[in-house]
Amino acid sequence: MSFPKFVNDIRVTNLIEKELGEIVSGYPSGKVFIVCDENTKKNCLPELMRIPSLSSVPVLETQSGEENKSIDSVVKVWNFLEENGADRKSLLINLGGGMLSDLCGFAASCFKRGMHFVNIPTTLLSQVDASVGGKTGINFNGLKNEIGVFNQPQTVIIASKFLKTIDKDNILSGYAEMLKHGLIFNRSHWDDLLKFNIESIDFELLNSLTADSVSVKEFFVVNDPTEKNIRKALNFGHTAGHAFESLALHQGRPVLHGFAVAFGIITELYLSHKKLNFPLEDVVEISKWIISKYGKFELSDSDFEEAYLLMTKDKKNENGRINFTLIPEIGKFEININCEKELVYNALYFYKNI
């Protein structure tokens with residue numbers, strides 16, 4: 001199948017030294033900075049330190065974890081940049097997962113009213129989602145990505161070699177976003193994803209599938225940079241998924257973002273059946289496949305109201321309507337589909353009992 005070509009500077013390669021060295025050469029000495037977390041400092045930073053021009057640049061270590069995606073962490077990045085003499089012509093290299101690229105992309109976008117940044121995503125989720133598309137931001141008042149701006153990185157470098165440093169659950173978390181891309185974009189991409197052996201990973205093949213998945217996201221981003229129209233297709237599985245994610249956090253049993261999206265896909269496939277006649281037998285088949293890989297987030301009837309209220313706070317809602325992206329069939333989508341409260345409850349009941 002054919003995929004749209006990258007328009008933004010996205011490089012899928014394991015030649016980190018060559019690609020990043022070329023980028024850094026365009027910036028003055030003393031004006032390049034790196035932010036990593038405790039995991040990427042140990043597992044990924046040494047790869048960058050082999051690049052002569054980066055061997056002595058200032059490095060800030062932040063704390064991983066969604067609870068650190070906060071304004072306090074942004075202030076820490078700003079202080080680091082200020083203390084080391086960064087200016088608007090400087091470059092910030094963000095080495096980490098989606099939390100770090102969101103956080104540091106936001107910090108770079110605001111510092112001195114905007115400095116350049118490069119994302120080097122080190123998890124599958126960040127490679128196919130957070131590091132691509134220009135969304136930056138932090139969590140606020142218990143809500144995910146409540147504060148942020150749209151701002152594209154100068155470059156995104158995607159290297160499968162870094163995926164060998166993460167566990168299976170984090171691979172699965174990213175894979176859920178790829179499944180979403182398959183469902184909204186093209187049946188053959190979906191089929192390719194289902195055939196991939198997630199239990200025994202061929203990283204070269206995964207790199208190829210990742211490039212395809214990123215191309216899908218790139219198509220929507222290029223045609224709708226600030227999410228006014230068709231880019232909302234990328235929200236499939238996320239209105240319910242973010243509710244699962246926030247509910248899990250509030251209840252002290254957090255789940256990875258991609259797992260919440262997988263649960264959200266099941267819920268929104270049911271809504272797709274009710275609103276757009278997506279075949280019920282396919283809803284059941286896909287749901288059971290997802291559960292076989294991701295398990296289930298245990299939900300009780302008493303959780304439905306909180307989950308629904310969390311959906312009402314989704315940023316893509318308008319005029320009091322919960323705007324879902326739903327699919328009439330694999331490879332097609334419709335945006336801004338309003339679902340009444342009773343139907344949302346029915347979808348949660350379907351998820352609970354599938």
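It should be emphasised that the depicted structure is a prediction, and the values quoted were computed from it without experimental measurement.

A. Structural context of the overall build of the chain. Counting secondary structure elements, the chain contains 14 helices and ten strands. By the compact-globule yardstick of 20 Å for 354 residues, the chain fits well, its C-alpha radius of gyration being 20 Å. Along the three orthogonal principal directions, the C-alpha set of the chain runs to about 60 × 40 × 35 Å. Sequence-distant contacts in the chain: of pairs separated by 6 or more residues, those separated by 24 or more amount to 77%. Surface summary for the chain: the accessible area is close to 14700 Å², and the carbon and sulfur share equals 49%.

B. Quick look at the sheet that holds strand β5 (residues 116–121). The strand order across the open sheet built from six strands is β1-β8-β5-β4-β2-β3, with neighbouring strands paired in parallel fashion. With partners counted over all chains shown, the strands left at the sheet margins are β1 (10–12) and β3 (59–62), one partner each. Each adjacent strand pair in this sheet contributes to an overall mean axis angle of 15°, direction not counted. Pairing of strand β2 (residues 32–37) with β3, which is carried by four bridges, proceeds in the parallel orientation. Of the residues in β3, the one forming a bridge with I34 is V59. Where helix α5 (residues 98–110) meets the sheet, it contacts β2, β3, β4 (91–96) and β5, and its direction lies at approximately 165° from that of β4.

C. Layout of α5. Its 13 residues place the ends of α5 18 Å apart at the C-alpha level, agreeing with the 18 Å of an ideal helix rising 1.5 Å per residue. Most of α5 is tucked away: twelve of the 13 residues are buried. What α5 keeps buried is the set G98, M99, L100, S101, D102, L103, C104, G105, F106, A107, A108 and S109.

D. Spotlight on the nonpolar core. Counting residues in each nonpolar core, the largest one holds 71 residues, and the members touching the most others are Y175, F244 and Y294. For this core, the element with the highest residue contribution is helix α11 (residues 257–276), accounting for eleven residues. Residues within four places of Y294 in sequence aside, it is in contact with L172, S173, Y175, A176, L179, G258, F259, A262 and F263. Among the nonpolar cores identified, the runner-up in size contains 22 residues, and L20, V24, C36 and I93 belong to it.

E. Just the side chain of S73, in detail. Looking at the element boundaries, S73 is found in helix α4 (residues 71–83). Within the local environment of S73, its side chain forms a polar contact with the backbone oxygen of N68, the two atoms lying 2.5 Å apart. Residues in contact with S73, not counting those within four places in the same chain, are N68 and L103.

F. Seen up close, the side chain of D129. Tracing the chain through its elements places D129 in helix α6 (residues 124–130). Taking relative accessible area as the criterion, D129 reaches 15% and is therefore assigned buried.

G. Main features of the environment of G331. On the secondary structure map, G331 appears in the loop between β9 (323–326) and β10 (334–338). Each C-alpha atom of the pair G331 and N186 lies 4.1 Å from the other, and the pair is 145 residues apart in sequence. In this view, G331 contacts G182, L183, I184, F185, N186 and R187; residues no more than four positions away in its chain are not counted.

H. Up close: helix α10 (residues 238–250). For α10, spanning 13 residues, the distance from its first C-alpha to its last is 18 Å, which sits close to the expected 18 Å at 1.5 Å a residue. For α10, a buried count of eleven out of 13 residues is recorded, marking the element as mostly surrounded by other parts of the structure. Buried within α10 are the following residues: H238, T239, A240, G241, H242, A243, F244, E245, S246, L247 and A248. Trailing α10 by a residue or two, G252 shows a phi angle of about 75°, which is positive.

What counts and how
- Residues numbered from 1 in each chain as written.
- Predicted model: local features only at pLDDT ≥ 70, side-chain atom pairs only at ≥ 80, totals over all residues.
- Heavy atoms only, no water.
- Helix = DSSP H or I, 4+ residues; strand = E, 2+ residues; numbered from the N terminus.
- Rg over C-alpha atoms; globule rule 2.2 N^0.38 Å.
- Contact = heavy atoms within 4.5 Å.
- Areas by Shrake-Rupley, 256 points an atom, 1.4 Å probe, with all protein chains shown as cover.
- Pairing = 2+ DSSP bridges.
- Axes fitted to C-alpha atoms, helices over the stretch in contact; angles between N-to-C directions.
- Expected span 1.5 Å × (residues − 1).
- Buried < 20%, exposed > 50% of the residue type's maximum accessible area, 1.4 Å probe, protein only.
- Core = buried A, V, L, I, M, F, W, Y, C linked by side-chain atoms within 4.5 Å.
- Polar contact = N/O pair within 3.5 Å; in protein donor to acceptor, adjacent residues only side chain to side chain.

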